[in-house]
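Descriptive analysis of the structure
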Amino acid sequence: MRIIHWARAAIILGMIWLGWKMVSLGDNIPQKFEGFYPLHKSFGLVVIILVVLQLTLRTVMPTPVLSTGLSRIEAVAAKIAHVALYGLMILVPVIGYSRSSTFSESDGVTLFGLKIPELLGKNDALSERLSSIHAVLAYTLLAVIAIHVLGALKHRLFDKDKKNDPLSRMI
């Protein structure tokens, strides 16, 4: 589970950087469409696969219980953050996939060269809306990740009760 967690974290942060990089490039740069977009799409599918794998494994390997040293508000915040993380880790790539499927100039989505079927018809107006939603949700995911990291660091560095330290279980 640790490997899945850290691999997924690295991929998501890399994808956010890749997303910023690819949209900052001009359309006249071949690498934008031949390299960056296909990589971004492939890693988005990898994130979905890792999340589904982790959720499947959780059916046989239960989630560790939260520390009993957490306040009620910290425990509720941790639950909300984890639900938000998992929801966004599925929703952001699904919306991106949908955006790519509906864009008339898109040649589809591939998983490192393996063509994935498009489930939606071409519709540029819908594609534009999905593009905006994808961007907003990606920034929302980044914000929730920041809160998640800050919470872990708070427990690691500032809590007197070391049982509250989630990093001791994750490193």
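Structure report, in brief. (Residues numbered from 1 in each chain as written. Predicted model: local features only at pLDDT ≥ 70, side-chain atom pairs only at ≥ 80, totals over all residues. Heavy atoms only, no water.)

**Comments concerning the packing of aromatic side chains**
By the definition in use, this model includes three aromatic pairs. Geometrically, the ring pair formed by Phe33 and Tyr37 is stacked, given 5.4 Å between the ring centres and 5 degrees between the ring planes. Of this pair, Phe33 and Tyr37 are both found in helix α2 (residues 30-58), four residues apart, which corresponds to roughly one turn of the helix. With relative accessibility at 22%, the residue Tyr37 sits in the partly exposed group. Where Phe43 meets Phe112, the ring centres are 5.1 Å apart and the plane angle is 85 degrees; that geometry is what we call edge-to-face. Placement of the pair is Phe43 in helix α2 and Phe112 in the loop between β1 (109-111) and β2 (114-116), with a sequence separation of 69 residues. (Phe/Tyr/Trp six-rings, centres within 6.5 Å; stacked < 30°, edge-to-face > 60°. Helix = DSSP H or I, 4+ residues; strand = E, 2+ residues; numbered from the N terminus. Buried < 20%, exposed > 50% of the residue type's maximum accessible area, 1.4 Å probe, protein only.)

**A look at the layout of surface pockets**
Estimated volume of the second largest pocket: approximately 1100 Å³. Around the second largest pocket sit 38 residues that line it, and Met22, Val23, Tyr37, His40 and His134 are the ones nearest its centre. At the level of secondary structure, the elements contributing two or more residues to the lining of the second largest pocket comprise α1 (2-24), α2, α3 (72-102), β1 and α4 (124-157). The dominant element in the lining of the second largest pocket, judged by the number of residues it contributes, is α2, at nine residues. Across the lining of the second largest pocket, the residue classes tally to 22 nonpolar, ten polar and six charged. (1 Å grid on protein atoms, 1.4 Å probe; cavity = no way out; pocket = protein on both sides within 12 Å on 5 of 7 lines; lining within 4 Å. Points joined across faces, edges and corners; volume = space filled by probe spheres on them. Nonpolar A, V, L, I, M, F, W, Y, C, P; charged D, E, K, R; others polar.)

**Some points on the packing of α2 against α3**
Look at α2 against α3: their axes get within 9 Å of each other, and the N-to-C directions meet at 145 degrees. Seen from above, α2 lies across α3 with left-handed handedness. The segment α2 lies against α3, with Lys41, Gly44, Val47, Ile48, Val51, Gln54 and Leu55 engaging Tyr86, Met89, Ile90, Pro93, Val94 and Ser100. In the contact of α2 with α3, the residues fall into nine nonpolar, three polar and one charged. (Axes fitted to C-alpha atoms, helices over the stretch in contact; angles between N-to-C directions. Left-handed = near helix turned anticlockwise from the far one by under 90°. Contact = heavy atoms within 4.5 Å.)

**Topic: the environment of Ser127**
Relative to the helices and strands, Ser127 is located in helix α4. Linking Ser127 and Ser100, residues 27 residues apart in sequence, is a C-alpha distance of 7.2 Å. Polar side-chain contacts of Ser127 include one of 3.3 Å to the backbone oxygen of Arg99. (Polar contact = N/O pair within 3.5 Å; in protein donor to acceptor, adjacent residues only side chain to side chain.)

**Considerations on the nonpolar core**
Judged by nonpolar contacts, the single largest core of 19 residues is most densely connected at Ile11, Ile12, Val47, Leu85, Leu88, Met89 and Leu141. Counting only elements with at least two residues in this core, the list comes to α1, α2, α3 and α4. Leaving out residues up to four positions away in the same chain, Leu85 has contacts with Leu141, Val144, Ile145 and His148. (Core = buried A, V, L, I, M, F, W, Y, C linked by side-chain atoms within 4.5 Å.)

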